[in-house]
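Spelled out, the chains give:
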Amino acid sequence: MQGRSVVGNDGGARVLLVSTNRERQPYPVVPNGLACVASALDAAGHRVRFLDLCFARDPSAVASEAARSFRPDIIGVSVRNIDNSDAIALRHYTPEARGILQALRVAAPDARVVAGGAAFGVAPEALFRDLGVDYAVAGDGERASVALINALTSGEAIEALPGLVRDRDGTVVFTPPGEDADLDSLPPPSLHRWIDLARYQRHGATVPIQTKRGCVYKCVYCTYRNVEGWGYRTRDPELVADEIEELRNEAGIRHFDFVDSTFNSPPGHAIATCEAITRRKLGVQLDTTNFTPATASPELLRAMKTAGFRSLGITAESASDDVLEKLEKGFSAAKVREVAERVEKHGIKTLWIFLVGGPGETARTLEETLSFAQWRLERGDSVYLTVGLRIYPGTTLHRIAISEGIVPANSTLLDPAFYFSSALQFDTTVARLKRFAANHPRFMFSADSRSVVLPYLTRAASVLRLPRPHWQYMGLFQRVARAVG
């Protein structure tokens, strides 16, 4: 199969990249992945325009105007998430993305439309059908997008390109992503070139940094292995430090958030990254909400504290051995308590992140988690809890849900489905958690983050230049939000 040549006046394609993610609760997320694609396409000689719709009042109108004025040969649309994974306050994102795509097609009818983003790593074929695009890419977007657009520009064959989703005579064909592990050969993201980082920060966002891709853990609900692959592909710690230094010097960024699947695994790479940052004497503050209790040595915590960590989020998910075993987390409840004490000794405040209702959850295991949560709340930490586990295709939880008759085997799961333990009553569980929350302001439901007041509070904290992360003011935010509510 040959691609129809789409050549701009300067020899490269005119590519309009559109970030469709508009979720701003509890805070907006910087479109890091699409910026990586933009830098890669720019380095490959294509003319790139970056359109971020996060703050647009009328995203379809803004997208239409951009397409008419830029006259792209190719439109690349990023879909970050299918939905917000919240069983209590569910929000589905693909309908809005579909509307934006329709507006782009009307404004630029001759452009080829390519979709990508983390959502396509989760359900590439189903989303391809649902959105009706010409092509989609999964895996490392920098490689797949450049390869596809180069081929479309030159008219070369595309059927063997790794990470490509396409239509072949009415059948959706997905070629799995390639095995190229070298992240250091990719162009630096240079987020400040493409994104208004100051505006994101004013709305409470932090600036993302990625030190690796992939994951070695087997958590039953997680999609990271589908999106980024099995095993770790690490970046040179010095290049990570280069990226931080560039953003500090060029954009004045002082607070960075590591968005790896698990920042502290492998621990040697995390330590080396912290040491590389420390040597630069950048005076930055570091954070992550992707920290596993599986590995948290004193050496690692010392390196983190020296580099600039003052707080972190720990994804414990439960404080009960029965649930941790079913979730295949790779650590015990005793390990969680040990890590809690060790992190506290190093003077690092913690946001504890839990999932309630997974396989093996009972009233007893829930109380074990709440007992741990109360202990940590009394020690000054905060707690964020999600009720129910979103079932994603290709995960172990998907297979469990099929075997228990929760979802049919042929479901695409684009319409959100959730796992909630049959040993619990949903309404009774939520009522129990609400009673707990009433006595603990620094305890937050995922549904609480949908409060219409919260974005204003996080923005006020940014305007007042309160130290980040803003979850450390959760107690105050919750009191205000509940009073208003």
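Anything mentioned here points back to the structure above.
Everything in this summary refers to the structure shown in the same document. Since the model is a prediction, treat every value here as computed from it, not as a measurement. (Residues numbered from 1 in each chain as written. Predicted model: local features only at pLDDT ≥ 70, side-chain atom pairs only at ≥ 80, totals over all residues. Heavy atoms only, no water.)

### Considering the overall build of the chain
- Within the chain, the secondary structure is distributed over 19 helices and 18 strands.
- In the chain, the share of contacts with a sequence separation of at least 24, taken over all contacts with a separation of at least 6, comes to 74%. (Helix = DSSP H or I, 4+ residues; strand = E, 2+ residues; numbered from the N terminus. Contact = heavy atoms within 4.5 Å.)

### Quick look at helix 14 (residues 333-345)
- For helix 14, with 13 residues, the first-to-last C-alpha span of 19 Å sits near the 18 Å given by 1.5 Å per residue.
- Listed in full, the buried residues belonging to helix 14 are Ala333, Val336, Val339, Ala340 and Val343. Relative to the axis of helix 14, the buried residues are bounded by an arc of 115° and lie together on one face. The outward face of helix 14, more than 90 degrees from its buried face, is lined by the exposed residues Ala334 and Lys345.
- Immediately downstream of helix 14, the backbone of Gly347 shows phi near 70°, a positive value. (Expected span 1.5 Å × (residues − 1). Buried < 20%, exposed > 50% of the residue type's maximum accessible area, 1.4 Å probe, protein only. Arc of directions from axis to C-beta.)

### Here's the deal with helix 17 (residues 426-438)
- Compared with the 18 Å implied by 1.5 Å per residue over 13 residues, the 18 Å span of helix 17 between its first and last C-alpha is a close match.
- Considered for burial, the residues of helix 17 that qualify are Thr429, Val430, Leu433, Phe436 and Ala437. Around the axis of helix 17, the buried residues are gathered within 120° of arc, so they sit on the same side. Away from its buried face by more than 90 degrees, helix 17 exposes Asp427, Thr428, Lys434, Arg435 and Ala438.

### Here's the deal with the sheet that holds strand 8 (residues 207-209)
- If you trace the three strands from one edge of the open sheet to the other, you get 8-11-12, paired in parallel fashion. The sheet is open, and its two borders are formed by strand 8 and strand 12 (285-288), each paired with just one other strand. If you compare each strand with its neighbour and ignore which way they point, the axes differ by 35° on average.
- Sheet analysis places strand 11 (residues 255-258) next to strand 12, joined by four bridges and oriented parallel. The residue of strand 12 that forms the bridge with Phe258 is Thr288. (Pairing = 2+ DSSP bridges. Axes fitted to C-alpha atoms, helices over the stretch in contact; angles between N-to-C directions.)

### Brief notes about unusual backbone geometry
- That bond from Ser265 to Pro266 is cis: its omega, 0°, falls within 30 degrees of zero.
- A positive phi angle, near 50°, is found at Arg71, a position not held by glycine.
- Secondary-structure assignment places Arg71 in the loop between helix 2 (59-70) and strand 3 (74-78).
- The exposure class of Arg71 is exposed, given its relative accessible area of 58%.
- With a phi angle near 70°, Glu317 is a residue other than glycine that sits in the positive phi range.

### Things to note about the sheet that holds strand 18 (residues 443-445)
- Ordered in space as 13-14-15-18, the four strands form an open sheet in which the pairing is parallel. Both edges of this open sheet fall to strand 13 (311-317) and strand 18, since each of them pairs with a single strand only. When the angles between neighbouring strand axes are averaged without regard to direction, this sheet yields 20°.
- Contacts from helix 15 (residues 363-378) reach strand 14 (349-356), strand 15 (382-387) and strand 18, with the element oriented near 165° to strand 14.

### With respect to the pattern of salt bridges
- With the rule as written, the count across this model stands at 26 salt bridges.
- The residue Asp83 makes a salt bridge to Arg390 at a minimum N-O spacing of 2.6 Å. Here Asp83, found in the loop between strand 3 and helix 3 (94-107), pairs with Arg390, found in strand 16 (residues 389-390); they are 307 residues apart in sequence, far enough to count as distant.
- Asp83 sits in the buried class, given a relative accessible area of 1%.
- Taking the shortest distance from any N to any O, the salt bridge between Arg143 and Asp140 comes out at 3.7 Å.
- For Arg143, a relative accessible area of 22% gives the class partly exposed.
- Salt bridges linked by common partners bring Asp140, Glu142, Arg143, Arg213 and Arg233 together as one network. (Salt bridge = Lys/Arg side-chain N within 4 Å of Asp/Glu carboxyl O.)

### With respect to the state of the cysteines
- Under the defined criterion, the tally for this structure stands at zero disulfides.
- Lacking any disulfide linkage, Cys219 is separated from the closest cysteine sulfur, that of Cys222, by 5.9 Å. (Disulfide = S-S within 2.5 Å.)

### So, a positive patch on the surface
- Together, Arg24, Arg57, Arg199 and Arg202 give the surface a local cluster of positive charge.
- With respect to the element layout, Arg199 can be found in helix 8 (residues 197-202). (Patch = residues over 30% accessible without salt bridge, like charges linked within 9 Å, V, L, I, M, F, W, Y side chains within 5 Å. Areas by Shrake-Rupley, 256 points an atom, 1.4 Å probe, with all protein chains shown as cover. Lys, Arg positive; Asp, Glu negative; His and termini not counted. Charge placed at Lys NZ, Arg CZ, Asp CG, Glu CD.)

### Some points on the pairing of strand 2 (residues 47-52)
- Here strand 1 (residues 14-19) pairs with strand 2 via six bridges, running parallel. Bridging from a neighbouring strand, Leu17 pairs with Phe50 of strand 2.
- In this view, the connection linking strand 1 to its parallel neighbour strand 2 by way of helix 1 (residues 32-43) has right-handed handedness. (Right-handed = clockwise from strand over helix to strand, strands pointing away.)

### Focus on the side chain of Ser190
- Of note, Ser190 is situated in the loop between strand 7 (171-175) and helix 7 (191-194).
- A relative accessible area of 9% means that Ser190 is categorised as buried.
- The contact partners of Ser190, leaving out residues within four places of it in the chain, are Ser39 and Glu246.

### Digging into the side chain of Arg233
- Tracing the backbone shows Arg233 in strand 10 (residues 233-234).
- Overall, Arg233 belongs to the buried group, its relative accessible area being 14%.
- Polar contacts involving the side chain of Arg233 include one to the side chain of Asp140, which spans 2.6 Å. (Polar contact = N/O pair within 3.5 Å; in protein donor to acceptor, adjacent residues only side chain to side chain.)

By themselves, these figures tell us nothing about what the structure is for.
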